[in-house]
Each structure stands twice: as structure tokens, then as C-alpha cells.
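Given next are the chains, with one letter for each unit.
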Amino acid sequence: MTKRNENLALAAGALGLIGGYAVGKMLSASRARADGALPQASLLDTVALAVDVLAPTFAKGVIIRRPGAVALAEQLQLDTRAVQRMQKLRNKYGLGPLMLPLPIRKQAVVLAPEHVYRVLNESPDPFSPASSEKRAALSHFEPEGVLISQGEQRSERRRFNEDVLESNHAVHHMAERFLPIVDQEAARILAVARRKGELDWDAYAQGWYRLVRRVVFGDGASDDQELNDMTVALRKAANWAFLHPKKKATQARFFARIQDYLERAEPGSLAAVIARTPQTADTEPVQQVPQWLFAFDAAGMATFRALALLATHPAQEEQARTEIRDKPGTERKYLPFLRATLLEAVRLWPTTPAILRQTTRATEWERGTMPARTGVLVFAPFFHRDDERLAYAHRFTPDLWLHERTDAQWPLVPFSAGPAVCPARHLVQMLSSAMLAALIDGQTPRLVSGQRMVPGQLPGTLNNYGLRFALG
């Protein structure tokens, strides 16, 4: 059996195990709907949701992707099935939110656009990002991270993240230092690709992770593969949340390595920005950095998928080339069309498909009351790919992002939204769009392997690990 087939078999086994566990638990649950309560899904619909939506999402890996499971999901187009299942629930139960009859916790699924905005805009209270599932997972590698913090600690850590990452600025003040790093690592990626005869995920990812380490910690971390290995080990454990014991020794070495880099505060890095950013006893900067590495991992996947979009849409590729033609090097601080291309890649294939919240108190809705401590799921692919509502659902439409969006529009939330929106969103877009520019400037990548990209009917799942490009 080949390694690929072994991975597919393991992924299928994981999918069946998770789905079977969920089905068994839910079939044992039966609760009558109380007066004034929100609508509740039937047991059969809840089982279908678990099989079509929840099991594939978690089998692919929420914290770090499992390549075999992603390949299987692409082969079976499981994300398309997931969206279709959500459409059936919406059409049957209406606007919701829809409660699920789970035996071990209260859980709701959001079905209406206006409810997406309410949940995101009213975070962290009463819709806390620190859900039970998220705390169980992220505690493996960032137990004091902002995403699972509450109260004054969360406020301080959020302030720190926003200050260092400059979340309210489209262009980070370190752009003139960071953009040459992008060009250098893109040149490395292309050199490796030319030696191999193609640009594949392995060649791209090695350069992307070097870029991330240099931006966050400085050039001294560029070849620190051990740091990357520790990150991967901790995130693999985090995929299993409370079902996997903590890797305490690895976690201790991981934090010690980050602390060492932060103490060095190499000039020209985010570590140097951290050193001059005000801190309190609650800040815990060492514990905020792992989330940045996590976010940049997702950005790397989105950027590679964005390259596939450009490689299969000649008109948009030419529009991108026009944008970069007169913007060499550090002039590529702001590339609106390439940023829009990245956002479209995340809309089409969300890197955070399950946006989770948990109520801190009972909340009132048009159709009833949601109890305190209810988990709330916003399944982003449903809203991003709802072809019953969106004419552009399966098309590459970067123009969507070239104007300011408001809550009155359909909820396209590639970086979440509201007070808990990703604080790294602008830095990620700056670096990713600059990487795209460097990869297509002077060469013409053409997709030679991977899911067939048919303009107007793009696949519901795109396996970034299987994409390969020829360089013309």
C-alpha cells in the first residue's frame, strides 16, 4: 500500500470513528422542547449534521490539517455535502438558531445571516470565543492565549495583540523590513521548484515557514526546524482536544525557545516590536506568539490556493500582473487586487470553517431563548458557498472585496468579524499578497496537478497539499 493510500485509509478510519461516536451519543439523547425554547432539530437531522458537517470538519483537523483526510475530503467533495446539509436544515427549520439534542452539552447552529453578525458583534459577552472545545484544544500550545482568555486578562491580551500586529492598519510599520524577506523567500521557493521541475506544496511550505519565522523572531530563527517540529507536535495533540494528554515536556521546551527569541528581540522582527510594547502581569507575550504561528499556517494554505485561482483564471491573473508591474520590492505594501484574491481563496475554502462561541448567559432570540453555556456554531462554508442565495457562490469573484463590506450584506467572514476579529488579518494580507506577487512576477505558474478548477463551478474542497504548478 502506498503512503498516500495509507493516509487515505487512516483518514477514512478517523472519519468513521468520529462520525460513529457522534451518532451513537446522539441516538441516546432525547429531550422535549420546552415552552419558549428555540427550535430543536430531530435526532435524525442531528445525526445527518454530525455525519455530513461535523465529522468531516474535525477529521480534516481543526488545529492542524491531516493531509490524508484533506485528500479524502477533496476526492469525495465533502464540503459540498456539508453545505447542502446546512441548506436542508435552513429550509426545514427556518432562521433558527437551531438547537441540537446532544446528550452532554447544549449546542446551537446558526442558520441566518443576521444571526452570524449578532454572534460575532456581541463577542466576547454574551458570546465568548473561549468555548469549551476551544479551551480544550488550544490549551495544548497556548493555555494563556487571548482566544481562550476571559475578563481583564482577555482585554489586556487583546490590546497587546492589536498593538504588536497593528490590527487597525492595512500596512504594518515594519513593511519595508518584511517585504524584502518575502522576496528572498519567494526566490528560494522558485529556485527549488526549478530544480524539481515543478512548484509543489513541500517546496512552497518550506519557504513560507522560513518567512514566518524571520518575520516573527528574526533572521536567527530562519532555519529553526526544531521550533517548527515542536509546533506541529503540540498542534497534532490539540486536534484531539481533551482526548489527548498534554505533551508537557514539549510544551516547556516550546515556550522556552519562544522566550529566548523574545529576549533577543532581534531588530527588524515582531519580537523587537514586542520588546517595546507596554505589558502587564497579565500579558503573557510568550503565550500569544503561538497563535500568530497558527494564523500564518492558515495563511500559507490560503496563499497557495490563491495561486491556483490565478493560474486557472487568465483575466484575473492579468489584472494581478497589471497591479504589480510598477510596484517592485517595498512598494508592494498594499496590493488591493491581490489582497482580494487571497480573501476569495479563504471565502471559497475557509481555513477556519467552524467559528465557535459559547454563551455566558441566557440570550433572547426572535424564536425563543438560548440557555447560558450553549455552544454556538457558525459554519462559514455554508454562508460562503450558499448557492441558493449567492449567484457567485462557486465563482472566483475578487471584486467582492474591493469595496467596504457592512453588516447589511451577506456574511462573508474570512477572518471572523466583530470585536474578536483576527488581529493579524492585515499583516497576513500584506505578506500573502506580496508572496503571490513575487511568485507570478516574471513567471507564469500553471496548475498541472490537483482538483480540476472549472471557472464558474469551483470545487467545494481544494487540497492544497496536492497542488503542483509548472513554471513558464
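Details of the structure are given in the entry above.
Residues numbered from 1 in each chain as written. Predicted model: local features only at pLDDT ≥ 70, side-chain atom pairs only at ≥ 80, totals over all residues. Heavy atoms only, no water.

Draft legend 1. Inspection of helix α9 (residues 201–217) at higher detail. Helix length check: α9 (17 residues) gives 24 Å between terminal C-alpha atoms against 24 Å at 1.5 Å per residue, within 8%. The buried count for α9 comes to 14 of 17 residues, which makes it a mostly enclosed element. In the stretch just after α9, G218 is the one whose phi turns positive, near 110 degrees. (Helix = DSSP H or I, 4+ residues; strand = E, 2+ residues; numbered from the N terminus. Expected span 1.5 Å × (residues − 1). Buried < 20%, exposed > 50% of the residue type's maximum accessible area, 1.4 Å probe, protein only.)

Draft legend 2. View of the pairing of strand β8 (residues 375–379). The buried fraction of β8 is high, at five of five residues. Alternating positions in β8 separate into two faces, G375, L377 and F379 on one and V376 and V378 on the other, with burial throughout. As paired elements, strand β2 (residues 107–109) and β8 share three bridges and run parallel to each other. The residue of β8 that forms the bridge with V109 is L377. Pairing of strand β5 (residues 354–359) with β8 involves five bridges; the strand directions are antiparallel. Bridge assignment links Q358 to a residue of β8, and that residue is G375. (Pairing = 2+ DSSP bridges.)

Draft legend 3. Structural detail: a nonpolar patch on the surface. Together, W240, F242 and L243 line one region of the surface with nonpolar side chains, adding up to about 380 Å² of accessible area. Take F242: it is sitting in the loop between α10 (225–238) and α11 (248–264). Owing to a relative accessible area of 68%, F242 belongs among the exposed residues under this scheme. (Patch = residues over 30% accessible without salt bridge, like charges linked within 9 Å, V, L, I, M, F, W, Y side chains within 5 Å. Areas by Shrake-Rupley, 256 points an atom, 1.4 Å probe, with all protein chains shown as cover. Salt bridge = Lys/Arg side-chain N within 4 Å of Asp/Glu carboxyl O.)

Draft legend 4. Representation of unusual backbone geometry in the model. Cis peptide bonds are those with omega within 30 degrees of zero, and the linkage from G96 to P97 qualifies with 0 degrees. Here P97 is to be found in the loop between α4 (78–93) and β1 (98–100). The omega angle of the peptide bond from D125 to P126 is 15 degrees, so this bond is cis rather than trans. Mapping P126 onto the fold places it in the loop between α5 (113–121) and β3 (127–128). Of note in the backbone geometry, Q77 takes a positive phi value of approximately 50 degrees without being a glycine.

Draft legend 5. Structural context of the packing of aromatic side chains. Tallied over the full model, the rule gives 12 aromatic pairs. Residues F217 and Y261 carry aromatic rings whose centres are separated by 4.9 Å and whose planes lie at 25 degrees to one another, so their mutual orientation is stacked. Placement of the pair is F217 in helix α9 and Y261 in helix α11, with a sequence separation of 44 residues. No difference in accessibility class separates F217 from Y261, as the two residues are buried. Taken together, the aromatic side chains of W201, Y204, W208, F304, Y465 and F469 make up a single cluster linked through ring pairs. The residue whose ring lies beneath R66 is W240, and the NZ or CZ to ring-centre distance is 4.9 Å. (Phe/Tyr/Trp six-rings, centres within 6.5 Å; stacked < 30°, edge-to-face > 60°. Lys NZ or Arg CZ within 6 Å of the ring centre and 35° of its normal.)

Draft legend 6. Focus on the sheet that holds β3. Taken in spatial order, the five strands line up as β1-β2-β8-β5-β3 in an open sheet, and their pairing is mixed. Of all strands in the sheet, those bounded by a partner on one side alone are β1 and β3. Pairing of β3 with β5 involves two bridges; the strand directions are antiparallel. The residue of β5 that forms the bridge with S128 is Q358. Against the sheet, α5 makes contact with β3, β5 and β8, and its axis sits at roughly 65 degrees relative to β5, the strand it touches most. (Contact = heavy atoms within 4.5 Å. Axes fitted to C-alpha atoms, helices over the stretch in contact; angles between N-to-C directions.)

Draft legend 7. Region of interest: the nonpolar core. Formed by 133 residues in total, the largest nonpolar core has its most connected members in F217 and L270. In terms of residue count, helix α13 (residues 285–311) provides more of this core than any other element does, 17 residues in total. Residues in contact with L270, not counting those within four places in the same chain, are V164, L165, H172, F178, V215, V216, W292 and L427. (Core = buried A, V, L, I, M, F, W, Y, C linked by side-chain atoms within 4.5 Å.)

Draft legend 8. Expanded view of the packing of helix α15 (residues 336–348) against helix α17 (residues 425–440). Relative to each other, α15 and α17 sit at 105 degrees, their axes nearing to 9 Å. Classified by the angle their axes make, α15 and α17 are roughly perpendicular. Residue-level inspection shows L338, R339, T341, L342 and L343 of α15 in contact with α17, the latter providing H426, V428, Q429, M430, S432, S433, L436 and A437. Classifying every residue of the contact of α15 with α17 gives seven nonpolar, five polar and one charged. (Parallel < 35°, antiparallel > 145°, perpendicular 65-115°, else oblique. Nonpolar A, V, L, I, M, F, W, Y, C, P; charged D, E, K, R; others polar.)

Draft legend 9. Structural detail: the sheet that holds strand β4 (residues 199–200). Spatial ordering of the open sheet is given by β4-β10-β9, a layout of three strands whose pairing is antiparallel. Two strands in the sheet have a free side with no partner beyond their single neighbour: β4 and β9 (445–449). Judged from the two bridges that link them, β4 and strand β10 (residues 468–471) form a sheet pairing that is antiparallel. If you follow D200 over to β10, its bridge partner there is R468.

Draft legend 10. A look at the side chain of R213. Mapped onto the secondary structure, R213 falls in helix α9. Put simply, R213 is tucked away with no salt bridge, and the nearest opposite charge, on D223, sits 5.5 Å away. At a separation of 3.0 Å, a polar atom in the side chain of R213 contacts the main-chain carbonyl oxygen of A221. Beyond its immediate sequence surroundings of up to four residues, R213 is in contact with G218, A221, S222, D223, D224, L227 and N228. (Lys, Arg positive; Asp, Glu negative; His and termini not counted. Polar contact = N/O pair within 3.5 Å; in protein donor to acceptor, adjacent residues only side chain to side chain.)

Draft legend 11. Just the pattern of salt bridges, in detail. What the rule picks out here adds up to 32 salt bridges. The salt bridge involving E185 is made with R188; its shortest N-O contact spans 3.9 Å. Here R188 and E185 lie together in helix α8 (residues 175–196), a separation of three residues that amounts to about one turn. On the basis of relative accessible area, E185 is assigned to the buried category, the value being 0%. A salt bridge links R257 to D224; the shortest N-O distance between them is 2.9 Å. Of this pair, R257 sits in helix α11 while D224 is found in the loop between α9 and α10, placing the two residues 33 residues apart along the sequence. Using a relative accessible area of 9% as the deciding quantity, one classes D224 as buried.

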